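Structural features, examined
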Amino acid sequence: QAMLELARMLGIDGDRVVAMGDNENDIDMIRRARVGVAVANATKEVLNTADYITVDNEHNAVAAVIEALETGKIKL
């Protein structure tokens, strides 16, 4: 919920929020985001929850998600 509240405070529409995680503590955030992303080495539950799976967290996962947004692989 804090992620969406921060987006609201920053004037960012909740439909433009992408969240990325790797462990069970990230599942609620991934579910609440417009697009939930799991890194490739995330737990099975996180992988099953995510809308999109990117590279593992040792291979520039944030950059890979930004590129996927820019190239249309991830659509908001």
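Values in this document were obtained by computation on a predicted structure and should not be read as measured data. (Residues numbered from 1 in each chain as written. Predicted model: local features only at pLDDT ≥ 70, side-chain atom pairs only at ≥ 80, totals over all residues. Heavy atoms only, no water.)

Observations concerning helix α4 (residues 61–71)
- Considered for burial, the residues of α4 that qualify are A61, V65 and A68. Buried positions in α4, seen along its axis, are confined to an arc of 60° and lie on one side of it. The exposed residues of α4 that point more than 90 degrees off its buried face are V62, E70 and T71.
- Looking at the buried residues of α4, the elements they touch are β1 (18–21), β2 (35–39) and β3 (52–54).
- The positive-phi residue at the C-terminal boundary of α4 is G72, with phi of around 90°. (Buried < 20%, exposed > 50% of the residue type's maximum accessible area, 1.4 Å probe, protein only. Helix = DSSP H or I, 4+ residues; strand = E, 2+ residues; numbered from the N terminus. Arc of directions from axis to C-beta. Contact = heavy atoms within 4.5 Å.)

Quick word on the pairing of β2
- In terms of burial, β2 is a largely internal element, five of the five residues being buried.
- A two-sided burial pattern is seen for β2, the buried positions comprising V35, V37 and V39 on one face and G36 and A38 on the other.
- By the bridge criterion, four bridges tie β1 to β2 in an arrangement that is parallel. The residue bridging V18 from the neighbouring strand is V35, located in β2.
- For the segment spanning β1, helix α2 (residues 27–32) and β2, crossover handedness is right-handed.
- Relative to β3, β2 runs parallel, the two being bridged by three bridges. Residue pairing for β3: A38 is matched across the bridge by I53.
- The β-α-β motif built from β2, the intervening helix α3 (residues 44–49) and the parallel element β3 has right-handed crossover chirality. (Pairing = 2+ DSSP bridges. Right-handed = clockwise from strand over helix to strand, strands pointing away.)

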